Amino acid sequence: MALVTGASRGLGLSMACALAAHGAQVWLNGRDADSLRHAVGQVRAAAEATAGDAQALPFDVTDEGAATAAVSRMLGESGRLDILINNVGQRRRQPLDELPAQALRDLLEANLVSAWHLCREAARPMRAQGHGRIINVTSIAGPIARAGDAAYTTSKGALAALTRALAAELGPHGINVNAIAPGFFATEANAGMVEDESTQAWLKQRTSLGRWGRPDEIGAAAVFLASPASSYITGQTLVVDGGYLAHF
């Protein structure tokens, strides 16, 4: 039984499809109920040949009360929670002198605090089960940085640190906590850059594989970290970036 946040499109939807295609029962989170209904149909189609299935679970991850209620509903209907993928993320690019402190607080709420809260909620049933997988989606902007993006880099670096801290705390209870750090993926959110010829040329030079990542290519990483194949891996960040961090 899995919960994937930010699963109405992009990488979240791709990870949900991959889990369902491997037999998982997946609850898809998002804020827009209509978008989630469409996403549920896509996930069910991906799971057609397996025992996988999908259900919508609309709520705002930054609303702690709604998040707690959503997990309670999931547990009430499903009886357990085996996999949590914290995928929701926001970005605000502004230079230091132009970024209000409140904007940083808002970004930390969305990218860090919401994940911390859901980790806490998920850890309770996982402890009782003696087993669980938590996967936080960070970014290659965690270990590296660029000018004018301090808020996002800070939030993703902190999420990677939270992953390590929770791995140490929850490991004795049979819970593995890891992260996935995506690079440049051709998602709906990046459509403008994907179509830009100068960006394409830059990415061809900057990555070892010389191309954008396909959204479906993130799913295998999620399945691996959610499966018994990663049973002795915890506190790690799996970078899926076509060689961006390795290439110069």
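Only a predicted model underlies this, so the values are computations on that prediction, with no experimental measurement involved.

**Q** Please set out the overall build of the protein chain residue by residue, giving values where relevant.
**A** From N to C terminus, the protein chain includes eight helices and seven strands. In terms of overall size, the protein chain behaves like a compact globule, its C-alpha atoms giving a radius of gyration of 17 Å where 248 residues would be expected to give roughly 18 Å. Principal-axis analysis of the C-alpha atoms places the extent of the protein chain at approximately 50 × 40 × 40 Å. When each of the 248 residues of the protein chain is scored for burial, the buried share is 46%. In the protein chain, the share of contacts with a sequence separation of at least 24, taken over all contacts with a separation of at least 6, comes to 74%. Surface summary for the protein chain: the accessible area is close to 11700 Å², and the carbon and sulfur share equals 53%. For the protein chain, the centre of its 21 positive side-chain charges and the centre of its 23 negative side-chain charges are spaced 5 Å apart.

**Q** Account for a nonpolar patch on the surface, naming residues and giving values.
**A** The grouping of I144, V239 and L245 at the surface amounts to a nonpolar patch, some 200 Å² of accessible area in total. For I144, the location among the structural elements is in the loop between strand 5 (132-137) and helix 5 (150-170).

**Q** Which residues make up the side chain of H117, and what values go with them?
**A** Its place among the elements puts H117 in helix 4 (residues 101-129). Judged by relative accessible area, which is 3%, H117 ranks as buried. Discounting chain neighbours no more than four positions away, the residues touching H117 are E64, A67 and T68.

**Q** Tell me about the environment of D82, and please be specific about residues and values.
**A** Secondary-structure assignment places D82 in the loop between helix 3 (64-78) and strand 4 (83-86). Remark: the alpha-carbon pair of D82 and G132, spanning 50 residues in sequence, is separated by 4.8 Å. Other than its neighbours up to four places away in sequence, D82 contacts M1, M126, Q129, H131, G132 and R133. At 2.8 Å, the side chain of D82 forms a polar contact with the backbone nitrogen of M1.

**Q** Which residues make up the packing of helix 1 (residues 10-21) against helix 8 (residues 219-226), and what values go with them?
**A** Where helix 1 meets helix 8, the axes come as close as 8 Å, and the angle between the chain directions of the two elements is 55°. In terms of their interaxial angle, helix 1 and helix 8 are classed as oblique. When the axes of helix 1 and helix 8 are compared, the crossing they make is right-handed. Between helix 1 and helix 8, the residues in contact are S14, M15, A18 and L19 and G219, A222, V223 and A226, respectively. Along the lines of polarity and charge, the residues of the contact of helix 1 with helix 8 split into six nonpolar, two polar and no charged.

**Q** Provide a residue-level description of the nonpolar core, including the pertinent values.
**A** Core analysis: the largest hydrophobic core is formed by 33 residues, its most contacted members being M15, L19, V26, L28, V43, I85 and I180. Residue assignment for this core shows that the elements contributing at least two residues are strand 1 (2-4), helix 1, strand 2 (25-30), helix 2 (33-46), strand 4, strand 5 and helix 8. No other element matches helix 1, which puts eight residues into this core. Once you skip the residues sitting within four places of it in the chain, I180 turns out to touch M15, I135, N136, V137, T138, S139, I218, A221, A222, L225, L238 and V240. Among the nonpolar cores identified, the runner-up in size contains 26 residues, and L57, V71, A122 and L166 belong to it.

**Q** Any chance you could break down the pairing of strand 2 for me, citing the residues and the numbers?
**A** Of all the six residues making up strand 2, five are buried; the element is thus mostly covered by neighbouring parts of the structure. As for the winding sense of the linkage, the β-α-β connection from strand 1 through helix 1 to strand 2 is right-handed. Of the pairings in the sheet, the one linking strand 2 to strand 3 (residues 53-58) comprises six bridges and is parallel in character. By the bridge assignment for strand 3, V26 is matched with A54.

What counts, and where the lines are drawn
Residues numbered from 1 in each chain as written. Predicted model: local features only at pLDDT ≥ 70, side-chain atom pairs only at ≥ 80, totals over all residues. Heavy atoms only, no water. Helix = DSSP H or I, 4+ residues; strand = E, 2+ residues; numbered from the N terminus. Rg over C-alpha atoms; globule rule 2.2 N^0.38 Å. Buried < 20%, exposed > 50% of the residue type's maximum accessible area, 1.4 Å probe, protein only. Contact = heavy atoms within 4.5 Å. Areas by Shrake-Rupley, 256 points an atom, 1.4 Å probe, with all protein chains shown as cover. Lys, Arg positive; Asp, Glu negative; His and termini not counted. Charge placed at Lys NZ, Arg CZ, Asp CG, Glu CD. Patch = residues over 30% accessible without salt bridge, like charges linked within 9 Å, V, L, I, M, F, W, Y side chains within 5 Å. Salt bridge = Lys/Arg side-chain N within 4 Å of Asp/Glu carboxyl O. Polar contact = N/O pair within 3.5 Å; in protein donor to acceptor, adjacent residues only side chain to side chain. Axes fitted to C-alpha atoms, helices over the stretch in contact; angles between N-to-C directions. Parallel < 35°, antiparallel > 145°, perpendicular 65-115°, else oblique. Left-handed = near helix turned anticlockwise from the far one by under 90°. Nonpolar A, V, L, I, M, F, W, Y, C, P; charged D, E, K, R; others polar. Core = buried A, V, L, I, M, F, W, Y, C linked by side-chain atoms within 4.5 Å. Right-handed = clockwise from strand over helix to strand, strands pointing away. Pairing = 2+ DSSP bridges.

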